[in-house]
Amino acid sequence: MYPREFDYVAPASLDEALDALAANPGAKVMSGGMSLLPLMKMRLFSPEMVVDIGRIPGLDDITDQEDHIAIGALVRHHQTATSALVAEHAAALAEAAAYTGDNQVRRRGTTCGSLAHADIAADQPAGALAAGATMVAASKNGKREIAAADFFVDTLTSALEPDEILVGIRIPKTGGGSAYDKLGRRGGHSDYAVAGAAAWVRKSNGTVEDARIALTGVGTKPMLAAGSMEAFIGSDGSAAAIAAAADRATEGVTVLEDLYGSEAYKAHLARVFVARALEQALARA
Amino acid sequence: MSTTTSALGGVIRRKEDPALIRGRGRYVDDIKRTGELAAAFVRSPFANARINSIDVSAATAMAGVHAVYTIDDVRHLGPLIAQVPVGKLRPLLADGAVKHVGEAVAMVVADNRYIAQDAVDAIFVDYEPLEAVVDLKDAASDRVKVHDDLDSNVLLAWVGHEWWADVIAVEDPRPKIEEAKQRDDAVIVELEMVNQRLIPVAIEPRSVVASWNEGYERFEVYSSSQIPHALGGAIAKTFGLASNAVHVRAPEVGGGFGCKLNVYPDEILVCFASMRLHRPVRFTETRRESAVSTIQGRGWVATATLTGTPDGRILGYELRALTDMGAYSQNFTVAIPLLGLWVSAGQYDIPAYFEAKCVVTNTQTTDAYRGAGRPEALYYIERMIDAYAREIGMDPAEVRRKNYWKNDQFPAVNNTGLAIDSGDYETNLDKLLEMADYEGLKRMQAEARAEGRYIGIGLSTYLEICGFGPSVLSEIGFGWNNYGLPSSFSGSGLVRVNPDGSATVIIGTGPSGQGHETTWAQIASSVLGITTDKIRVSHGDTAESPMGVGTFGSRSAAVDGTATYEAAVKVRDKAAEIAAHLMEAAPEDIRFADGGAHVVGTPGRVVTWEEIADVAYRPHRGPDGLDAGLEAHAVFSPGNATWPFGSHIAVVEVDPETGNVEFLRYIGIDDCGNVINPMIVDGQVHGGIAQGVGQALFEEAIYDDAGNLLSGSLIDYPIPTAGDLPSFELGRTVTPTDVNPMGVKGIGEAGTIGSAQTIVNAVVDALAPLGVKHIDMPLRPRKVWQAIQDARG
Ligand SMILES: Cc1cc2nc3c(=O)[nH]c(=O)nc-3n(C[C@H](O)[C@H](O)[C@H](O)COP(=O)(O)OP(=O)(O)OC[C@H]3O[C@@H](n4cnc5c(N)ncnc54)[C@H](O)[C@@H]3O)c2cc1C
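Every value quoted in this text rests on a predicted model; they were computed, and no experiment measured them.

A. The arrangement of the overall build of chain B in detail. Check the secondary structure of chain B and you find 20 helices and 29 strands. Relative to the globule expectation of 28 Å for 793 residues, the C-alpha radius of gyration of chain B, 27 Å, shows essentially globular dimensions. The principal-axis extents of the C-alpha atoms in chain B amount to approximately 90 × 75 × 50 Å. Counting only residues that meet the buried cut, chain B has 64% of its 793 residues in that class.

B. Region of the structure containing empty space enclosed by the protein. Residue and element names in this part refer to chain B. Applying the stated criterion to the full structure yields 7 cavities of 30 Å³ or more. A volume near 130 Å³ is recorded for the largest cavity. Every element with two or more residues in the lining of the largest cavity is listed here: strand S2 (37-43), helix H8 (265-277) and helix H9 (287-293). Its residues assigned to classes, the lining of the largest cavity comprises 9 nonpolar, 5 polar and 5 charged. What the second largest cavity holds in volume is close to 90 Å³. Taken together, Ile199, Val201, Arg287, Arg288, Ser290, Ala291, Ser711, Gly712, Ser713, Leu714 and Tyr717 form the lining of the second largest cavity. Of the residues contributing to the lining of the second largest cavity, the split by class is 5 nonpolar, 4 polar and 2 charged. Taken together, domain 2 (31-130 + 203-255 + 260-293) and domain 3 (297-468 + 640-792) each give at least three residues to the lining of the second largest cavity, which thus spans both.

C. Geometry of the pattern of salt bridges. All told, the structure shown has 64 salt bridges over all chains when counted by the stated rule. Asp17(B) serves as the salt-bridge partner of Arg14(B), at 2.9 Å between the closest nitrogen and oxygen. Among the residues examined, Asp17(B) registers a relative accessible area of 23% and is labelled partly exposed. With its nearest N and O atoms 3.1 Å apart, the salt bridge here joins Asp324(B) to Arg197(B). Here Asp324(B), found in strand S15 (residues 314-326), pairs with Arg197(B), found in strand S9 (residues 187-198); they are 127 residues apart in sequence, far enough to count as distant. One connected set of salt bridges, linked through shared partners, spans Arg4(A), Arg43(A), Asp118(B) and Asp121(B).

D. Examining the domain arrangement of chain B more closely. Residues and elements named next belong to chain B. On domain assignment, one finds that chain B holds domain 1 (2-24 + 491-636), domain 2 (31-130 + 203-255 + 260-293) and domain 3 (297-468 + 640-792). For domain 1 and domain 2, the distance between their C-alpha centres works out to 40 Å. With 20 residues of domain 1 at the contact, the number on the domain 2 side is 14 residues. In this assembly, domain 1 packs against domain 2 so that about 1300 Å² is buried in total across both faces, 55% of it on carbon and sulfur atoms. At the boundary of domain 1 with domain 2, the tally comes to 0 salt bridges. There are 6 residue pairs in polar contact (both at pLDDT 80 or more) connecting domain 1 and domain 2.

E. Geometry of the side chain of Glu204(B). Residues and elements named next belong to chain B. In this fold, Glu204 is placed in the loop between S9 and strand S10 (207-213). A polar contact is formed between the side chain of Glu204 and the side chain of Ser224, at a distance of 2.6 Å. Beyond its immediate sequence surroundings of up to four residues, Glu204 is in contact with Tyr27, Val28, Ser224, Glu252, Val253, Gly254, Gly255 and Lys260.

F. Main features of unusual backbone geometry. For the bond from Phe468(B) to Gly469(B), the omega torsion is -10°, close enough to zero to count as cis. Checked against the element boundaries, Gly469(B) lands in the loop between strand S19 (454-463) and strand S20 (491-497). Residues Met777(B) and Pro778(B) are joined by a peptide bond in cis, for which omega reads -10°. Notably, Leu156(A) is not glycine yet its phi reads approximately 55°, a positive angle.

G. Fine view of the site of the ligand. All names here are of chain A. Taken together, 30 residues sit near the ligand, with Val29, Gly33, Leu36, Thr110 and Asp123 positioned nearest. At 2.8 Å from an oxygen atom of the ligand is found a main-chain nitrogen or oxygen belonging to Ser31. At 3.0 Å, a side-chain N or O of Tyr192 approaches a nitrogen atom of the ligand. Here the ligand, which alone exposes 960 Å², has 89% of that area covered by the protein. Put simply, the parts of the chain that give the shell around the ligand at least two residues each are strand S2 (27-30), helix H7 (111-117) and strand S10 (165-172). With 4 residues, H7 is the largest single contributor of residues to the shell around the ligand. Taken together, the residues of the shell around the ligand sort by class into 13 nonpolar, 12 polar and 5 charged. Per-domain counts for the shell around the ligand show at least three residues from each of domain 1 (7-51) and domain 2 (62-172).

H. Molecular detail of the packing of helix H12 (residues 263-284) of chain A against helix H20 (residues 781-792) of chain B. Packing of H12(A) against H20(B) brings their axes to within 11 Å, and their N-to-C directions diverge by 90°. As summarised for this structure, H12(A) and H20(B) are arranged roughly perpendicular, according to the angle between their axes. In this structure, H12(A) uses Ala264(A), Tyr265(A) and His268(A) to contact H20(B), whose residues at the interface are Pro781(B), Arg782(B) and Trp785(B). Taken together, the residues that form the contact of H12(A) with H20(B) break down as 4 nonpolar, 1 polar and 1 charged.

I. Summary view of the interface of chain A and chain B. Of the residues lining the interface, 25 residues belong to chain A; the matching set on chain B comes to 27 residues. Ranking the residues of chain A by area buried against chain B places Tyr2(A), Arg186(A) and Leu259(A) at the top, with a combined share of 31%. Linking chain A with chain B are 7 salt bridges, by the criterion used here. Salt-bridge contacts for Asp121(B) lead to Arg43(A); the nearest nitrogen and oxygen are separated by 2.7 Å. At the junction of chain A with chain B, the criterion picks out 16 residue pairs in polar contact (both at pLDDT 80 or more). With 7 residues, the single largest contributor to the side of chain A that touches chain B is H12(A). When the residues that make up the side of chain A that touches chain B are grouped by side-chain class, the tally is 12 nonpolar, 6 polar and 7 charged.

J. Region of interest: the pairing of S19(B). All names here are of chain B. With 10 of 10 residues buried, S19 lies mostly within the body of the structure. Neither face of S19 is open: one carries Tyr454, Gly456, Gly458, Ser460 and Tyr462, the other Ile455, Ile457, Leu459, Thr461 and Leu463, and all of them are buried. Relative to strand S27 (residues 645-654), S19 is paired through 10 bridges, and the arrangement is antiparallel. Bridging across to S27, Leu459 finds its partner in Ile649.

K. Fine view of the nonpolar core. Residue and element names in this part refer to chain B. Core analysis: the biggest nonpolar cluster contains 169 residues, and Trp163, Val221, Tyr317, Trp342, Trp480, Ile649 and Leu767 have the highest contact counts within it. Both domains that meet at this core, namely domain 2 (31-130 + 203-255 + 260-293) and domain 3 (297-468 + 640-792), each give it at least three residues. Ignoring any residue separated from it by four or fewer positions in sequence, one finds Trp342 in contact with Trp163, Asn414, Thr416, Leu418, Ile465, Phe468, Leu473, Ile476, Phe478 and Trp643. Judged by nonpolar contacts, the second largest core, of 45 residues, contains Ile507, Ala563, Ala575 and Ala597.

L. Examining the sheet that holds S2(A) more closely. All names here are of chain A. The parallel open sheet is built from 3 strands, whose spatial order is S1-S3-S2. With partners counted over all chains shown, the strands left at the sheet margins are strand S1 (7-9) and S2, one partner each. Shown here is a sheet whose adjacent strand axes are inclined to one another by a mean of 25°, direction ignored. Looking at chain direction, S2 and strand S3 (residues 49-52) are connected through 4 bridges and run parallel. Across the sheet, residue Val29 finds its bridge partner in S3, namely Val51. Against the sheet, helix H1 (residues 14-23) engages S1, S2 and S3, with an angle of about 165° to S3.

Cut-offs and rules
Residues numbered from 1 in each chain as written. Chains lettered and ligands numbered in written order. Predicted model: local features only at pLDDT ≥ 70, side-chain atom pairs only at ≥ 80, totals over all residues. Heavy atoms only, no water. Helix = DSSP H or I, 4+ residues; strand = E, 2+ residues; numbered from the N terminus. Rg over C-alpha atoms; globule rule 2.2 N^0.38 Å. Buried < 20%, exposed > 50% of the residue type's maximum accessible area, 1.4 Å probe, protein only. 1 Å grid on protein atoms, 1.4 Å probe; cavity = no way out; pocket = protein on both sides within 12 Å on 5 of 7 lines; lining within 4 Å. Points joined across faces, edges and corners; volume = space filled by probe spheres on them. Nonpolar A, V, L, I, M, F, W, Y, C, P; charged D, E, K, R; others polar. Domains from an automatic or database assignment. Salt bridge = Lys/Arg side-chain N within 4 Å of Asp/Glu carboxyl O. Contact = heavy atoms within 4.5 Å. Buried area = accessible area lost by both parts, 1.4 Å probe. Polar contact = N/O pair within 3.5 Å; in protein donor to acceptor, adjacent residues only side chain to side chain. Near = heavy atom within 4 Å. Areas by Shrake-Rupley, 256 points an atom, 1.4 Å probe, with all protein chains shown as cover. Axes fitted to C-alpha atoms, helices over the stretch in contact; angles between N-to-C directions. Parallel < 35°, antiparallel > 145°, perpendicular 65-115°, else oblique. Pairing = 2+ DSSP bridges. Core = buried A, V, L, I, M, F, W, Y, C linked by side-chain atoms within 4.5 Å.

Written out as structure tokens, the structure reads:
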């Protein structure tokens, strides 16, 4: 657990941090360090420089912005899990944050760090996908917005460029209700997801007007379950509609086997959790 | 004379905790030596390979690197000294071949660990990979041999009635069992079950710093060890020194569970490097490294057969096991299944046959891990009793009751020829059933089943053998005389009343969280009447403490604790003579309490310990012929082991959709004889059950066919945390032993020995309506779900 030698900077402003990233192509952003440092210590990953964004002011709040809520880059899992704003507008994300790691990890790790890290079995990416979040990335050349659905590219790969910092995410206030549920590797909700699903649902006049359903732990990345969404949107949201949507959970998804589940088991769990997340989301809608 | 106050049985807060809670405890890595260097190891990525060459030139040339050693530098020191030299002894560094992933190939010594690690990365080893053998049945067939120079991968077979045939004659149970099988009404149940390999995961990885002082001609070693004296002996023997030329200290030890009951090559190699480089040298395992550089535990595959009558009388039990030794032999390795053999029939008076073949494989060596052989053995018998009870439709509690050793049979000679000291199994079971409200649980389960819920009630009893050990066992190797240590596992204690009336107790154990500083203070206090806050206990320092063998096998209280008790009695008897002289009373009338001596029936007359000590050190003021001083040392060699026992119940609910197992309750009634500190006993049981939960539900050292350890990090080797555990409901019965004067048995491993099968029994019970008969541990949701699918067809 001894990393290779690296340079370390802790800029006091976003501009300085972006300068450091632009000037050092081998540099890597660090927020909570909960995922980056273990990789470095195992020497699986050896950046030449670590740019610690932890001292940049103004990034550690969750704020109400009229038509959306904004979660800053340094907001910890614990804040996301316990925020009344997140509970109201993205309950699925709050639950995903609450089920992330243990208390120590939740007090240091950041929601944005978890998204940027893009682990295939991480919780909050599913919550962000279901919430229809927009990622705000900054570089020396300015800011750009990336839809959650376009953000998770592959295993441990997000749409961020090496010189970009994810400065925050925006969650639209779109009404409806959402929920996240998973089976953790240690059973219950404990530890990374063997499989999990987040769902957001908005109903109007007895019809599911809109919905987003996301999976984690199942495929090569956290992703929307397109088949389930297609089945569910426009349905009556009944138990039969939930079952029909759950049935299509892994449509078009390459299910990956790991130590915690065979392909068949993970595909089965995807169906179970899509159904459970939908039921809970509907109850809140 | 006797004491009027007794601190035995009292809940006294742990004297260890203030330092540990405040972060002031000192572990090996907290102890810095001036000028120390850091070691790191090149470890094999292959489970079986020839080494064609090792190129250390780039590493040696790196700034800050002091030395790189390979086997050529240390071959003259011989292989690692093992206590049970059966099988292949481990070379200090790989000698032309590697036999498991993680085997140390070269050692770098550098200014610091970062540079050392860089140098490790710069060493090029040319390996020629060979076919590895991991699967136990495959290995036992000798299709692929692990070591060319061993006749077979099967090192030996322990057989229940012949394990010590030339000393203990035991009848072969097989004819009786065969006869039973021929009965018309015979019910025969058979299961093949895996008791999977585990990684010990002490929270503090192993850590050692050694320095050779050429002025004193002595090694000064700090190591995170359960066996400081044995480590000193092994170092001395390796370097041809007297055992008193090695001073080992084991300061705070952050968990051991048996893995630190071994001497490791790195502990020898840091000594070697220090001697060569004239600097202290440190090695601390990293967390991930620890998974392959420290021993592992368990790893049995066995077929169990139980023959009985339709009304619950067991007529025969047979266990045929393959037990995984890993690649080399360390301190106990082949002896671990023997510990299982001794308790293989559990609490039952039944004809029982036991056979365990010790098989080498291309994996890390196995050795003692909490329970060591006994959890495996109890797992099998207790799983089988449940399977049998289900087969005949009888309540599993009643089947157990029907086959117990009865109270009037103790000491009961079991199927291995050893005598179980004492027991009262029915009282223990009854107390458990009452505390659990067993009948109520069964009603609750029936109601839940009617609602389509899968709730299971799992019961297990256990028998343990511990308190090692009887001197006679040294004849089969339970002793460390080949290390220059005592030839049997005796215990020792030194008790000193200081001139200021405080007392110092020095013991030869090597605790790693068991609370010896507290319980030993209670032992001394109970005899001397000095309050525990005035008693300080020190341990783990081989220059200071009497010769002791260390802390393992739930032995410390029963053996070293007894020695301390006896030493305290010697001091008390002497003090009574002094006090009697000062108070002009008879020594028989002296009682010790509240920090001094009293005369029975004469309140108000007190002689303090200061006054007694004052006289003890100028004997002309004392009774005629008084020897000076107020301290005593005792060595205790028990006549028998001790045999704790207990019964546990787990209540679980299984989510049939996901296979997730959730605890509803966990109840345990343990019997460890007399209790010194109930809080510490409960704490030991908590930790023990936690490790049983870990084995039952989460933990598994998973090797692929090529011998790669797939679960070598805590990401893939989940250990239970407080949040994963049920709230334990504990109680106890007290059946003292007569093996030692305090009547104490041992509690360090009981929780682990009793729990894994309790949980598996519960899960299988939950799924019984579906026809599930067995699921191999760990019961990860994927396996439970798969078992449900298979049962449903
Ligand atoms: C013991 C333990 C248990 C865990 N359990 C879980 C679990 O159950 N579920 C789960 O989902 N996760 C779990 N995690 C991961 C945890 O949630 C991490 O906190 C999270 O994945 C990363 O967040 P971080 O802020 O620590 O990021 P860091 O470790 O600092 O960074 C992670 C990666 O993201 C990049 N990055 C971070 N922030 C930014 C940014 N603002 N802009 C651009 N790039 C950025 C870094 O360069 C790095 O590549 C666990 C971690 C640990 C140590």
